[in-house]
Amino acid sequence: MTFLSHLISGISLGSIYAIIALGYTMVYGIAKMLNFAHGDVIMVGGYMSFIAMIYFGWPPLLSILFAMVVCTVLGILIEQLAYKPLRAAPSLAVLITAIGVSYFLQNAAQLIFSANHKSYSSVVPFGSLRLFNDRLIISGTTIVTIIVCIVIILALNTIVNKTKIGKAMRAVSEDKDAAQLMGININKTISITFAIGSALAAVAGVLLCSAYPILMPTTGAMPGIKAFTAAVFGGIGSIPGAFLGGILLGIIEILGKAYISTQLSDAIVFAVLIIILLVKPTGLLGKKVLVKV
Amino acid sequence: MNRTIKKTKMVPLPSHSIIPERDIAQKPILEVRRLGINFGGLAAVEDFNIDVGRTEICGIIGPNGAGKTTIFNLLTKIYQPTSGAILLDGHDTANMNTVQINQAGIARTFQNIRLFPSLSVEDNVKIGLHNQIGYNMLSGIFRLPAFFSGERRARKRAMELLDIFDMTHLASHRAGSLPYGAQRRLELIRALATNPKLLLLDEPAAGMNPSETEELMSNIEKIRDSFQIAIMLIEHDMRLVMGICEGIAVINYGKIIAKGTPEEIQNNPLVIEAYLGKKKGNHTC
Amino acid sequence: MKYLRLRSKIDNWLTYGLIIVAYIVMRLLIAGGNISSTLQGQLVPITAYIVMAISLNLTVGVLGELSLGHAGFMSVGAFSGVITATLLTDAIPMTWLRLALAMLVGGLFAGIFGFLIGIPVLRLQGDYLAIVTLAFGEIIKNVVGTIYLGYDANGIQVSIENNTLQLGEGGKVILNGPKGATGITKLSSFNAGFILILITLFIVLNLINSKSGRAIKAVRDDKIAAESVGISIWRYRMMAFVTSATLAGAAGALYALNYSAVDAGKFDFNKSILILVFVVLGGMGNIRGSIIAATVLTVLPEVLRAFDEVRMLVYAIILILVMLVRNNKTLRQLFQKIGIRRRNSLSNNKEGDET
Ligand SMILES: Nc1ncnc2c1ncn2[C@@H]1O[C@H](COP(=O)(O)OP(=O)(O)O)[C@@H](O)[C@H]1O
Ligand SMILES: [Mg+2]
């Protein structure tokens, strides 16, 4: 029974990673860039929902919506100001710029909210689910997190596969130049991708802080790196891959903590990533790149 | 097209290939048997057989997408063959990788030029000489005498090789900044620098004007004569192919459709249908 | 562009000259008491960062592979160096010799790690390779933070995760799990840092300008072409990677032995990124650029003290602006009009590699 409980926690944590990883993977797929500032957008989402709930006294749902709107605007702003001028630049230049944006967000947050942590209270208004004579207790936050993740992945799948903008996204990710020739507006598609990724980051921020109620300017950093790992794990650029990678990573982390070592759980997560990449160099669901000579 | 046709006496081998009579005393440098590769169902090359004499200039022609470049990629192990055997100088190359193939004696150029663009012209040639420069990493770091003598010899040799194409004055230019024709020539020199027994040239005249092509033709023959090596070349310029190749293989859809001397190839109805006859005067396919 | 050979020679001497002149100037300033104590405290870290930046440039600029875990090698060097120095306390009274040995052992261990990590890492390419270096950096940080190591008259004791050391009379704990190395005897000095930079320059510049360095650059430019002319890409990627790791290890030992306590968290992803920023801003493959960037960017936050609270924010903005100006044509032209000129932008990085 404890195993089941760990497994469920793992899936829940993995759901958060998956939501963050979706942002990484979509941006990578379309703009071919590693957006290292993505983790910090999560943190901004956390703070925004916190402010809305505590200072404005808004209800949780409205607060989440507020966080999503702010993060979406922020995501588009970052893309327009920092990344768009670098479309033609080497990828390393874009990477360093993303790191600059990450520093900026963390330090801005520190300036505004101070480095001290805030105690976040869960946005989930109902208590735990108790099963088998209290031998299995699943918190409301856990349940909501998993459900939200499933809803998001289904919605995203529909957007990408069924809508016009989704088609444009797939086209741009396949071949930017060809897409442009077919009359697809590349800049608009990239902006929309950033918008969706950032809105998801806000949701992830709220869920993350609900589950681990400590909010600091660096809150997004480590989950960001791990979610990024999850995206690579699943095959960066692939949406189902991000989902799979996120969930697996969460499970590995929680089970590793429970059964192998608390302190070494991060090492275990990264070791699994390395092994996966050695066996499948482009991740679990990544496409094999064809090199023609 | 009929301007100069190579008149070398070609003799048949038991394998039904032909090689120049002067090479008959020695084993062919390259013997390829039933070579093939599949790309997810597409047989890009199938049942490819050829023998190349020690000092032969051998041409491979065929329409675009026929599988010519793929043959070079198979010979140099950039692609792994799905079937067949390649014997280089009588030795099976099945267990060799690209690096070992080069060290065993095959050097090549690429259809889409692959130089080291950020290095100087001289350094590009010195990279070709790399395995002949006899000093190691530590001598290099500590600047031992071996470093200086090794570098001096490499520089001298690099200049000699560049001189074949009158390129010594470009030695200190960045390779990536050279005009297209010069890049092709440099790539050839770099391949030659590795001291090969067999040189593979993938469309060496592509993008060259007629006078450059003329110079290239005489240089290819000059290289063969002075280095006594075999040269295999893929080319669409029929004047070049018919002018300097002694044996020619025609490929279509991954298969050899004809083999023979330039004269035989020109008069082969199959070839004319598959290749020459399609669009007269347009050899850019 | 025309006289690449000559230019590269002159460039190398300029680089040595820069370091030597900077050293003399600093020595004069220190002797005259004209230097703030904060800056003086930064001297050893700056020298360590310079070595880190030069060594990372070997991987990123010269070999052309993005490494996001360089701090991991620094960490290995730092802790093996501290252990060496502490164990040798009684055996070798000369502090300079102990420091030298600590840096040597630190470099050696980091080099061995570089080799072992290189085996899987160098099978990958591009972004995937970068992520695996990140992963190794995190693993090193995580694992080092769980090691307890001490010694007494009976020898060395090690335990992992839980402190089960049972040290006898006069025993000393060197590594203390998450707290890291504590009670370090400070051995590092500006002079030692200066010498390490000179050694690093000697190794890296001579390597780059030799047969092996040429092969490394060839592998960067085109792997398939390199193989086709008989260059083993595995060998030369490994050579660059291990050399880079070794130098980072020596720098780590220098860095750690400048403090009385160091924990594994000091060598995290942020540190790797910090070094990477030095390399990118200094110019890919441009060794002198790395030196200048490492110095300026370490001193910059101190200079920005005037801005106090917002200084890191300003730092971030400067970083973004520099990247934008250098890599965006329109912005660059705009800046050139106002008279700010810059060499070695990333967009023409390929030319800067002879330095
Ligand atoms: N790496 C590869 N993967 C899949 N197909 C390939 C690959 N390389 C070549 N091909 C296919 O093999 C066929 C022959 O190509 P190639 O040898 O380049 O022709 P050419 O005769 O023009 O040099 C083409 O249909 C090409 O698309
Ligand atoms: Mg071809």
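Computed from a predicted structure; not experimentally measured.

Right, let's talk about the overall build of chain B for a bit. Within chain B one finds 10 helices and 12 strands. In terms of C-alpha radius of gyration, chain B reaches 19 Å, essentially the compact-globule figure of 19 Å for 285 residues. Relative to its 285 residues, chain B shows a buried fraction of 57%. Counted over contacts in chain B with a minimum sequence separation of 6, partners at least 24 positions apart contribute 68%. When the accessible surface of chain B is split by element, carbon and sulfur atoms take 52% of a total near 11800 Å².

The partner chain A presents 46 residues to the 43 residues of chain C that form the contact. When the two sides are added together, the surface that chain C and chain A hide from each other amounts to roughly 3800 Å², 79% of it contributed by carbon and sulfur. Of all residues in chain C, the largest losses of buried area upon contact with chain A belong to Tyr128(C), Ile131(C) and Glu161(C), amounting jointly to 16% of the total for that side. Our count for the contact surface shared by chain C and chain A stands at 0 salt bridges. Counting across the chain C and chain A interface gives 4 residue pairs in polar contact (both at pLDDT 80 or more). Considering each element in turn, the side of chain C that touches chain A owes the most residues, 11 residues, to helix α5 (residues 126-144) of chain C. For the side of chain C that touches chain A, the class distribution of residues is 32 nonpolar, 6 polar and 5 charged.

A word on the nonpolar core. Judged by nonpolar contacts, the single largest core of 252 residues is most densely connected at Phe36(A), Tyr83(A), Leu75(B), Met232(B) and Leu68(C). In terms of residue count, helix α9 (residues 233-256) of chain C provides more of this core than any other element does, 15 residues in total. In terms of nonpolar packing, the next biggest core, distinct from the first, is built from 51 residues, Ile61(B), Ala171(B), Leu201(B) and Ile223(B) among them.

With that settled, the discussion passes to the sheet that holds strand β4 (residues 42-52) of chain B. The strands that make up a sheet are held in pairs by hydrogen bonds between backbone atoms, and each pair lies either parallel or antiparallel. All names here are of chain B. Taking strand neighbours across the sheet as the criterion, the 4 strands line up as β4-β3-β6-β7 in an open arrangement whose pairing is antiparallel. Here the strands that pair on one side only, and so sit at the sheet edges, are β4 and β7 (91-92). Pairing analysis gives 5 bridges linking strand β3 (residues 30-39) to strand β6 (residues 83-88), with the strands arranged antiparallel. Within β6, the residue paired with Glu-31 across the bridge is Leu-87. Across the sheet, helix α1 (residues 68-75) lies against β3, β4 and β6, angled at about 110° from β3, the strand it touches most.

A word on the site of ligand 1. Every one of the 15 residues lining ligand 1 counts as a neighbour, but Gly65(B), Gly67(B), Lys68(B), Thr69(B) and Thr70(B) are closest to it. More than a single chain frames ligand 1: its nearby residues are located in chains A and B. Within the side chain of Thr69(B), one N or O atom sits 2.6 Å away from an oxygen atom of ligand 1. Between ligand 1 and Tyr79(B) there is a distance of 3.0 Å, counted from a nitrogen atom to a side-chain nitrogen or oxygen. Taking 560 Å² as the accessible area of ligand 1 by itself, protein coverage stands at 79%. Among the elements of the structure, β4 and α1 of chain B are those that each provide at least two residues to the shell around ligand 1.

Residues and elements named next belong to chain B. Spatially, β8-β9-β10-β5-β11-β12 is the arrangement adopted by the 6 strands of the open sheet, whose pairing is mixed. The open sheet has two edge strands, β8 (106-108) and β12 (255-260), and neither has a second partner. Each strand of the sheet is rotated relative to its neighbour by a mean of 20°, with strand direction disregarded. Pairing geometry for strand β5 (residues 57-61) and strand β10 (residues 230-234), over 4 bridges, is parallel. What sits directly across from Cys-58, in β10, is Met-232. Seen against the sheet, helix α6 (residues 180-193) touches β8 and β9 (198-202) and runs at an angle of roughly 160° to β9.

Residue and element names in this part refer to chain C. Assignment of secondary structure puts Val-325 in helix α12 (residues 311-327). Take Val-325: its relative accessible area is 12%, and that puts it in the buried class. On a C-alpha basis, the gap between Val-325 and Gln-336 in space is 9.8 Å, while along the polypeptide they are 11 residues apart. Among all residues touching Val-325, those that are not within four sequence positions of it are Leu-331, Arg-332 and Phe-335.

Quick look at the coordination of the magnesium ion (ligand 2) now. Residues and elements named next belong to chain B. Those donors, Thr-69 (OG1) and Gln-111 (OE1), are the protein atoms that reach the magnesium ion (ligand 2), and they lie 2.0 Å from it. Separated by 42 residues along the polypeptide, Thr-69 in helix α1 and Gln-111 in the loop between β8 and α3 (121-129) bring together distant segments of the chain. By relative accessible area, which is 26% here, Gln-111 ends up partly exposed.

Our focus in this paragraph is the confidence of the model for chain A. A low pLDDT means the predicted coordinates there should not be read in detail. In this model, chain A carries an average pLDDT of 89, and 99% of its residues clear a pLDDT of 70 or more. For chain A, strand β2 (residues 129-131) of chain A is the element with the lowest average pLDDT, namely 74, and helix α3 (residues 60-83) of chain A is the one with the highest, namely 94.

To continue, consider α1(B). Burial runs high along α1(B): 8 of the 8 residues are buried. Lys77(B) sits one or two positions beyond α1(B) and adopts a positive phi of about 65°.

The rules we used
- Residues numbered from 1 in each chain as written.
- Chains lettered and ligands numbered in written order.
- Predicted model: local features only at pLDDT ≥ 70, side-chain atom pairs only at ≥ 80, totals over all residues.
- Heavy atoms only, no water.
- Helix = DSSP H or I, 4+ residues; strand = E, 2+ residues; numbered from the N terminus.
- Rg over C-alpha atoms; globule rule 2.2 N^0.38 Å.
- Buried < 20%, exposed > 50% of the residue type's maximum accessible area, 1.4 Å probe, protein only.
- Contact = heavy atoms within 4.5 Å.
- Areas by Shrake-Rupley, 256 points an atom, 1.4 Å probe, with all protein chains shown as cover.
- Buried area = accessible area lost by both parts, 1.4 Å probe.
- Salt bridge = Lys/Arg side-chain N within 4 Å of Asp/Glu carboxyl O.
- Polar contact = N/O pair within 3.5 Å; in protein donor to acceptor, adjacent residues only side chain to side chain.
- Nonpolar A, V, L, I, M, F, W, Y, C, P; charged D, E, K, R; others polar.
- Core = buried A, V, L, I, M, F, W, Y, C linked by side-chain atoms within 4.5 Å.
- Pairing = 2+ DSSP bridges.
- Axes fitted to C-alpha atoms, helices over the stretch in contact; angles between N-to-C directions.
- Near = heavy atom within 4 Å.
- Donors = N, O, S within 2.8 Å, 3.2 Å for Na, K, Ca; no water.
- pLDDT = per-residue confidence, 0-100.

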